[in-house]
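Notes for the structure review
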Amino acid sequence: MQEDLLKIYHQQVESYSSILAKLKKTRSRLGWVRLLTIVLTFSLSFYFFPANTLAAVVVVIIGPICFLAAVAADARNNGNIQHNERMLMINEEEIKILQHQYNHRENGQAFLPHEHPYANDLDIFGDYSLYQYINRSTARQGASLLASGLLHPLESDAIERRQEAIKELAPLLEWRQLFMAAGMANPLTTTTETRINNWLKSSMPYGAKIWSFLVIVYPITTIASLVAFLFDYLPSAAFSGLVGLFFIIGLFISGNIHVTYASLSKIVDEVITLRVQLLHFENLQVKTGLLISMQQNIQTNGKASHSILGLKQVLNRFDYRLNILVYFVLNSFLLWDLRQLLSLRKWRKSHGDDVGKWIAAIAELDVLNSLATLAYNHPLWVYPTIASEHFTLEAINVGHPLINEKKRVDNSFSTKGTGRVSIITGSNMAGKSTFLRSVGVNIVLAQMGATVCASSFTLSPVQLHTSMRVTDNLAENTSTFYAELKKLKSIIDAVKKQEKIFILLDEILRGTNSLDRHTGSKALVKQLIGQRAVAVIATHDVELAALEKSYITTVKNYHFDVQVEGEELYFDYKLKNGICQSLNASLLMKKIGIEI
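In what follows, the accompanying structure is described. (Residues numbered from 1 in each chain as written. Predicted model: local features only at pLDDT ≥ 70, side-chain atom pairs only at ≥ 80, totals over all residues. Heavy atoms only, no water.)

Regarding the sheet that holds strand 3 (residues 411-416)
For clarity, the cut-off: We treat two strands as partners when DSSP finds at least two bridges between them. In this text, helices come from DSSP runs of H or I with a minimum length of four residues, and strands from runs of E with a minimum of two, each type numbered from the N-terminal end.
In spatial order, the strands read 1-5-2-3; together these 4 strands make up an open sheet with mixed pairing. For this open sheet the edge positions go to strand 1 (385-386) and strand 3, each flanked by a neighbour on one side alone. Examined bridge by bridge, strand 2 (residues 392-398) and strand 3 share 5 bridges and lie antiparallel to one another. Counted as the bridge partner of Leu 393 is Thr 415 from strand 3.

Dropping the structure here:
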């Protein structure tokens, strides 16, 4: 399957590379056209003038028109080049990710909480992390929502609604990539969102109705004085004085508007991105509940793209003030800045409450696009079934999503009911920790609505808790043992509260001596059973597996083993029933030179 996907993406790369080559040739030709237009305009105008003044005038008129047409065509062509370069980049990136070359991507470390029930243990963020592998967000809001989904499970109905939306979007490769390309042009940032929100909450000047009346009456006065001057009804001295007065009035009014302008300056490009992405979504014929409700939500006051276009046009007109000559004329005679401020006020009144919905829609679409791409890239993965009763986990051929499918070894595992503890013993490097992480990571994916790396996966909603990767903290003067005790305490507290949790533990109490470790581990297992918890524990402590004799219905043993031939070790990484009988630590120590 991976070869088929790589073939599709390579075909996409070839297609966009071919289009880009043609567009760049066109850009070169248009450059020559502009140059030729200038040369011909000057040459012909000098040739015809003064013998044929009419012909010279025609050349002077037509020449610049042709030049501007060439400039406009070049601008459109450059826009197409940039778009196709983004599409090419998207497909090249997918090829790298499929080949497990994704460590150059944003790792999401900024989203990692200081303390979390499982994020650090399961490599949710960081180098070679789940976030790096699945994130396709372009807006910062989308990246944040995706990170939140990895940290906080959805409710059952939300999981199922998102699954339906992903199923609809996954086959739409071109639509998804066009959505990404639009977002990559000028990615939506939290800074822009903050600026817009601050403006929506701010009090703008000139709110009284008199100002709406003034922008109608004022231009009549100024233009009438200009007409009077042009027809010699008004002396030049008097007109100069009036122009000075008009300029002072315009300058005074504009001065009070500058704060509003400054708060919204430099957001036009991102507003365009927001509009293009929402327009792309509005034009999609959707069938599933979540996508239908999202489209309806962004169209409460007309189409979102049309409403945003209105804001963009006002902001563009506001930018005319950056040209000093235009600023002088427009504000002196038309109170231009005041007109745009009143337009902004009107727009805010009509659409202020919609902005949050639009940005939220982009964030959710970013997440859906990320998870739909994951589903498309892994067609053999499945959508998990959400069970209602606590606790159910049935995983058939489950594997770690971040391990290349050619190297990955899948295993099946199930547990049902509460007060159940599965103990996994096994040799060093035999696959215990990888198996725990495989189960944990797929639970995280399942509970955010994504497909999972399994041929079948049934799960009841649960809070996942892990203790697998524990390190000391010199800044907090915390030893490894104490750090682990802190994690175990949070798990025990949740168990005592009868929360619906699923626990994954790897080599617990490793920071103390073997006697205390066994005693503590045994006591913990008994406590988890007594308080109806569900856990999977990987351990080298084979004696801990003896608890199965005392708790026949609640403790079940599994193991990973190793085959030894001479001084060589062979692992099959397959989960098996029962207690591990083959250990390899002695052989490994002998290999590094310890005389045993």
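A short note on the layout of surface pockets
Gaps left between atoms show up when a probe the size of a water molecule is rolled over them. The test is simple: Cavities and pockets are found on a 1 Å grid laid over the protein atoms alone: a cavity is a set of points where a 1.4 Å probe fits but cannot escape, a pocket is an open set with protein on both sides within 12 Å along at least five of seven lines, and a lining residue has an atom within 4 Å of such a point. Grid points are joined across faces, edges and corners, and a volume is the space filled by probe spheres set on the points. As a working rule, the residues Ala, Val, Leu, Ile, Met, Phe, Trp, Tyr, Cys and Pro are called nonpolar, Asp, Glu, Lys and Arg charged, and the rest polar, with Gly in that last group.
Each pocket or cavity is described by its volume, and for the second largest pocket that value is around 330 Å³. In terms of lining, the second largest pocket is formed by 17 residues, of which the most central are Arg 105, Asn 135, Arg 136, Ser 137 and Met 180. For the lining of the second largest pocket, the secondary structure elements donating two or more residues are helix 2 (53-98), helix 3 (130-134), helix 4 (140-151) and helix 6 (173-185). Looking at the lining of the second largest pocket element by element, the count peaks at 4 residues for helix 2. Looking at the lining of the second largest pocket, its residues break down into 7 nonpolar, 4 polar and 6 charged.

Structural notes on a nonpolar patch on the surface
Note the following rule: The residues that make up patches have over 30% relative accessible area and no salt bridge, and they are joined within 9 Å when like-charged or within 5 Å when they are Val, Leu, Ile, Met, Phe, Trp or Tyr. The Shrake-Rupley method, run with a 1.4 Å probe, gives the accessible areas here. Residue values count only the displayed protein chains as cover. Just to be clear on terms, a salt bridge is a Lys or Arg side-chain nitrogen sitting within 4 Å of an Asp or Glu carboxyl oxygen. Note on classification: 1.4 Å probe, protein chains only; a residue is buried when its accessible area is under 20% of the maximum for its type, exposed when over 50%, partly exposed between these limits.
A cluster of nonpolar side chains, Leu 54, Val 57, Val 58, Ile 61, Ile 62 and Ile 65, forms an exposed patch at the surface whose accessible area comes to about 550 Å². Take Ile 65: it is sitting in helix 2. Under the relative-accessibility criterion, Ile 65 is labelled exposed at 54%.

Some details on helix 7 (residues 190-201)
In an α-helix, one turn spans 3.6 residues, which is why side chains three or four residues apart end up on the same side. What counts, and what does not: Here the expected length of a helix is defined as 1.5 Å per residue gap, with one fewer gap than residues. This arc is taken over the directions from the axis of the helix to the C-beta atoms. Should any heavy atoms of two residues lie within 4.5 Å, those residues are counted as being in contact.
If you check helix 7, its first and last C-alpha atoms are 16 Å apart, about what 12 residues at 1.5 Å a residue would give, namely 16 Å. The set of residues buried in helix 7 consists of Thr 192, Ile 196 and Trp 199. For helix 7, the angular spread of buried residues about the axis comes to 60°, placing them on one side. Helix 7 presents Thr 191 and Lys 201 as exposed residues on the side facing more than 90 degrees away from its buried surface. Those residues of helix 7 that are buried lie in contact with helix 9 (236-264), helix 10 (268-282), helix 12 (304-318), helix 14 (336-351) and helix 15 (355-377).

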